[in-house]
Amino acid sequence: MKALALFLPACLGAIAALGAEPLRPNILIIFTDDQGYADLACYGNEKNKTPRLDQLAKEGTRFTSFYSQTVCGPSRSALLTGRQPIRSGGWGMPADEITWAELVRKAGYQTACIGKWDVSNRKEIIPRMPNAQGFDYYFGALGANDNGTVKFHENNEAAGITRDMGGLTRLYTDKSIDFLKNKRDPEKPFILYVAHTMMHTIIDASPRFRGKSKGGLYGDVVEEFDHETGRLLDTLDELKLSKDTLVIYTSDNGPWNQDKYTKRKRGHPKDSIFWGEAGPLRNGKGSPYEAGYRLPCIVRWPGKVPVGRVNDAIFATIDFMPTFANLCGFEVPKDRRIDGMDQTNLLLGKRETGREFFYFNKAGVRKGKWKYLKADAHFHGYAVDDSRRKVDELYDLEADLGERTNLAAKHPRLVAELKQLMIGIESKNSDKKNTSNISGPKFKLDYKKKGPPGGLRQIKAIMGRDSVVFDVTDQSGIGGGAISLLEGQWPSKVLLRIHLTGLEGLGVTVGDQTFSGAYHGENVPSRKDHLKTRMLDAEGNPLKGRYLVKSTGPNSSKRIVGYYEAEVPQSVLKTGTKKIGLSWVDFYRR
């Protein structure tokens with residue numbers, strides 16, 4: 001029996017709501033292969049007609065900073081387990097990995113997987129095939145279609161071979177519709193994971209669509225996929241399932257668009273252009289640049305997910321595991337590190353922010369708008385960018401989405417911080433065999449609701465090697481909370497970062513001592529019971545003055561991007577206290 005893993009909410013920055021009843025929707029995941037960020041009209045494509053997916057976006061939320069992984073197998077193991085590929089194994093995902101399918105089935109769901117599996121080394125290894133990994137029903141291929149041939153399995157049995165690549169999209173859609181109409185237990189909620197083979201390498205479209213798109217053969221494939229997705233969505237309507245079904249459409253990695261690969265391509269239709277479009281993003285599949293990882297993602301759930309919304313929050317396939325846990329009513333594994341975070345509130349429009357950071361496998365990390373790539377960042381061979389110098393790279397993705405201007409030399413402190421974050425992600429729990437020996441601290445984070453209602457109010461815990469930062473955000477400007485140490489010891493540095501515009505009041509209670517962290521300016525003398533508080537900009541540089549606001553005219557002003565930072569004294573933490581109480585007041589509170 002698989003052991004259940006040690007969940008580290010402090011490391012993940014995710015705080016599960018306790019006591020809430022799960023919503024228990026049906027879930028339909030539509031997962032394409034090698035599709036570019038800009039292949040759909042609703043993501044800017046002017047050649048491919050994608051009316052059904054464009055309509056899906058109008059009926060739900062379109063995410064613009066959504067991440068999968070950079071290649072096929074690792075993307076699927078990450079999606080299924082909520083764990084980065086350095087932990088979940090990619091193409092060689094071990095049998096003892098725990099998938100959300102296993103857990104949701106125990107919670108009373110019916111589960112089905114149709115299409116490309118790609119995490120059992122493309123071999124018939126039954127303990128690592130879908131039925132053993134939590135799926136009640138499976139039809140599809142264990143691997144890809146690199147040689148223009150696909151071998152099918154139905155559950156654990158061989159189910160035929162085809163070289164008709166143009167028929168795969170319709171076949172998988174037919175099988176999905178058959179599950180919904182004939183194999184589904186109407187007394188149970190379901191999760192249907194449809195992992196298409198298209199648009200992977202040996203692309204083709206059926207005669208009905210071949211030669212119809214302005215985007216060439218690849219555009220034909222995109223337009224056929226759009227049509228077939230529409231058939232599947234129509235089936236939800238026909239069966240009166242749409243209202244209760246969370247639909248998630250995304251892809252596994254960016255498009256194959258590199259000259260090195262195309263020069264040695266084999267088996268592709270004559271004169272075909274078989275790669276997708278990355279739009280403003282750099283490079284493509286196999287690369288740690290944005291086009292390798294950033295994918296289209298559309299989410300719909302009538303009456304729950306906001307309609308017509310476009311959101312740029314950082315969101316990823318690794319978040320599916322804890323999000324499904326909240327929605328469907330199961331516990332996230334507790335004997336291993338889960339890299340995902342619960343994004344329920346983001347999906348439902350109760351929060352507009354997403355992940356604090358995202359890790360690029362063996363390459364770097366993004367935190368907020370900043371993206372760091374190490375000098376020896378991992379590229380798959382065909383994706384190696386010959387114009388890239390092997391140096392540390394830092395990009396401001398808000399100003400430079402195409403990753404053209406390396407700012408590493410201008411921000412060495414930020415590079416060092418992001419490098420440390422990356423090392424922490426890689427070093428903690430990277431060897432699954434040692435996960436039972438994790439001794440890092442675990443925290444419980446609580447909020448006291450004060451002040452006017454509405455607005456984001458949260459505390460996030462961000463772990464470093466020997467430190468923890470507790471990020472406090474409160475849009476109402478007045479509130480409080482508590483940080484409780486559940487296991488382990490306080491790290492050697494405990495920092496509070498308060499994201500308010502003017503820190504008029506900050507009370508920090510540790511044991512029987514209370515400290516003030518209110519900020520009155522850098523040169524104001526501090527008392528014995530006053531924490532040394534600094535006002536810093538987004539890169540961690542000291543700011544002068546008292547408030548994070550500056551005048552822009554006689555009667556107008558704007559907020560400076562930054563925060564207040566105070567360190568909790570180790571002398572009081574070492575007394576054995578297990579709790580830090582907080583209260584805060586913003587001078588500019590509403």
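Residues numbered from 1 in each chain as written. Predicted model: local features only at pLDDT ≥ 70, side-chain atom pairs only at ≥ 80, totals over all residues. Heavy atoms only, no water.

Next up on the list: the overall build of the chain. Summing up its helical and strand segments, the chain has 13 helices and 27 strands in all. Over its C-alpha atoms the chain spans a radius of gyration of 25 Å, differing by no more than 12% from the 25 Å that the globule rule assigns to 590 residues. Taken along the three principal axes of its C-alpha coordinates, the chain extends 80 × 50 × 45 Å. A burial count over the chain gives 60% of its 590 residues as buried. Taking contacts inside the chain between residues at least 6 apart in sequence as the whole, the part at least 24 apart equals 71%. Carbon and sulfur atoms provide 50% of the accessible area of the chain, an area that totals close to 24000 Å². Here the chain carries 89 positive and 70 negative side-chain charges, and the mean point of each set is 3 Å from the other. (Helix = DSSP H or I, 4+ residues; strand = E, 2+ residues; numbered from the N terminus. Rg over C-alpha atoms; globule rule 2.2 N^0.38 Å. Buried < 20%, exposed > 50% of the residue type's maximum accessible area, 1.4 Å probe, protein only. Contact = heavy atoms within 4.5 Å. Areas by Shrake-Rupley, 256 points an atom, 1.4 Å probe, with all protein chains shown as cover. Lys, Arg positive; Asp, Glu negative; His and termini not counted. Charge placed at Lys NZ, Arg CZ, Asp CG, Glu CD.)

The gaps of empty space that remain are located by a probe, the size of a water molecule, rolled over the atoms. Of the voids in this model, the largest pocket is the one considered here, and its volume is about 1300 Å³. Lining the largest pocket are 34 residues, with Glu356, Gly368, Lys369, His499 and Val561 sitting closest to its centre. Class assignment of the residues belonging to the lining of the largest pocket gives a composition of 10 nonpolar, 9 polar and 15 charged. (1 Å grid on protein atoms, 1.4 Å probe; cavity = no way out; pocket = protein on both sides within 12 Å on 5 of 7 lines; lining within 4 Å. Points joined across faces, edges and corners; volume = space filled by probe spheres on them. Nonpolar A, V, L, I, M, F, W, Y, C, P; charged D, E, K, R; others polar.)

Turning our attention to the sheet that holds strand S12 (residues 357-360). An order of S12-S13-S14-S15 is seen for the 4 strands of this open sheet, with the pairing classed as antiparallel. Strands with a single pairing partner mark the edges of an open sheet, and in this sheet they are S12 and strand S15 (393-396). Along the sheet, successive strands turn relative to each other by an average axial angle of 15°, direction set aside. Sheet topology note: the strand S14 (residues 370-373)/S15 ladder contains 4 bridges and is antiparallel. Residue pairing in the sheet places Tyr372 in a bridge with Leu394 of S15. Relative to strand S13 (residues 364-367), helix H12 (residues 412-427) is tilted by about 115°, and along the sheet it contacts S12, S13, S14 and S15. (Pairing = 2+ DSSP bridges. Axes fitted to C-alpha atoms, helices over the stretch in contact; angles between N-to-C directions.)

The subject of this paragraph is the packing of aromatic side chains. Tallied over the entire structure, the rule returns 31 aromatic pairs. Where Phe443 meets Trp490, the ring centres are 5.7 Å apart and the plane angle is 35°; that geometry is what we call tilted. Here Phe443 is found in strand S16 (residues 442-448), whereas its partner Trp490 is found in the loop between strand S19 (478-487) and strand S20 (493-499), with 47 residues between them in sequence. Linked through ring pairs, Phe31, Phe63, Phe66, Trp100, Trp117, Phe135, Tyr138, Tyr193, Phe315, Phe320 and Phe324 together constitute an aromatic cluster. Directly above the aromatic system of Phe139 lies the positively charged group of Lys175, at a separation of 4.4 Å from the ring centroid. (Phe/Tyr/Trp six-rings, centres within 6.5 Å; stacked < 30°, edge-to-face > 60°. Lys NZ or Arg CZ within 6 Å of the ring centre and 35° of its normal.)

This part is about the pattern of salt bridges. Under the definition given, this model contains 36 salt bridges. Three or more residues are tied together by salt bridges with common partners; here these are Asp33, Arg76, Lys116, Asp118, Arg122, Asp146 and Asp252. (Salt bridge = Lys/Arg side-chain N within 4 Å of Asp/Glu carboxyl O.)

Looking now at unusual backbone geometry. Here the amide bond leading from Met198 into Met199 is cis, since omega sits at 20°, within 30 degrees of zero. Mapped onto the elements of the fold, Met199 is located in the loop between strand S7 (190-195) and helix H7 (216-238). Of note, the phi angle at Asp118 is positive, near 65°, even though the residue is not glycine. As for its position among the elements, Asp118 is in the loop between strand S3 (110-115) and strand S4 (137-141).

Moving on: the side chain of Lys116. As for its position among the elements, Lys116 is in the loop between S3 and S4. Assessed through its relative accessible area of 0%, Lys116 is described here as buried. Polar side-chain contacts of Lys116 include one of 2.5 Å to the side chain of Asp33. The contact partners of Lys116, leaving out residues within four places of it in the chain, are Asp33, Cys72, Arg76, Arg122, Ala141, Gly143, Ala144, Ala195, His196, Thr197 and His200. (Polar contact = N/O pair within 3.5 Å; in protein donor to acceptor, adjacent residues only side chain to side chain.)

The next subject is the packing of helix H2 (residues 51-59) against H7. Put simply, H2 and H7 touch, their axes get as near as 7 Å, and they point 55° apart. The pairing of H2 with H7 is recorded here as oblique in orientation. Taking contact as the criterion, the partners of Pro51, Arg52, Leu53 and Leu56 in H2 are, on H7, Phe225, Asp226, Thr229, Gly230, Leu233 and Asp234. (Parallel < 35°, antiparallel > 145°, perpendicular 65-115°, else oblique.)

Applying the stated criterion to the full structure yields 0 disulfides. You can see Cys72 has no disulfide; the closest cysteine sulfur is in Cys113, sitting 14 Å from it. (Disulfide = S-S within 2.5 Å.)

All of the buried residues along H2 are Leu53, Asp54, Leu56 and Ala57. Angularly, the buried residues of H2 cover 155° about the axis, an arc narrow enough to put them on a single face. Those residues of H2 that are exposed and aimed more than 90 degrees away from the buried face are Pro51 and Lys58. Looking at the buried positions of H2, the neighbouring elements they touch are strand S2 (61-67), H7, strand S8 (245-251) and strand S9 (294-300). (Arc of directions from axis to C-beta.)

Attention shifts here to the side chain of Arg76. Mapped onto the elements of the fold, Arg76 is located in helix H3 (residues 72-81). For Arg76, a relative accessible area of 0% translates into the label buried. Here the side chain of Arg76 touches Lys116 through a polar contact of 3.5 Å, landing on its backbone oxygen. Those residues within four positions of Arg76 in sequence are excluded, and the remaining contacts are Phe31, Thr32, Asp33, Lys116, Trp117, Asp118, Val119, Tyr193, His196 and Asp252.

Another point: the pairing of S2. Burial analysis of S2 places 7 of its 7 residues in the buried class, which makes it a mostly covered element. Examined bridge by bridge, S2 and S9 share 5 bridges and lie antiparallel to one another. What sits directly across from Phe66, in S9, is Leu295. Of the strand pairs in this sheet, S2 and strand S10 (residues 309-311) are connected by 3 bridges, and their pairing is parallel.

This part is about helix H6 (residues 168-183). Among the residues of H6, those classed as buried are Leu168, Thr169, Tyr172, Thr173, Ser176, Ile177, Phe179 and Leu180. Where the residues of H6 are buried, they touch S3, S4, strand S5 (150-154), strand S6 (157-162), S7 and H7.

Okay, the packing of H6 against H7 next. Running from N to C, H6 and H7 point in directions that differ by 5°, and their axes come no closer than 9 Å. Relative to H7, H6 is oriented roughly parallel. On the side of H6, the interface is formed by Thr169, Arg170, Thr173, Asp174, Ser176, Ile177, Leu180 and Lys181, while H7 contributes Phe225, Glu228, Arg231, Leu232, Thr235, Leu236 and Glu238.

Secondary-structure assignment places Tyr289 in the loop between helix H8 (259-263) and helix H9 (290-293). Given a relative accessible area of 0%, Tyr289 falls into the buried group. Taking the C-alpha atoms as reference, Tyr289 lies 8.6 Å from Gly402; in sequence the two are 113 residues apart. Among the polar contacts made by the side chain of Tyr289, one reaches the side chain of Glu393 at a distance of 2.8 Å.

Purely spatial values, then, with no claim about function.
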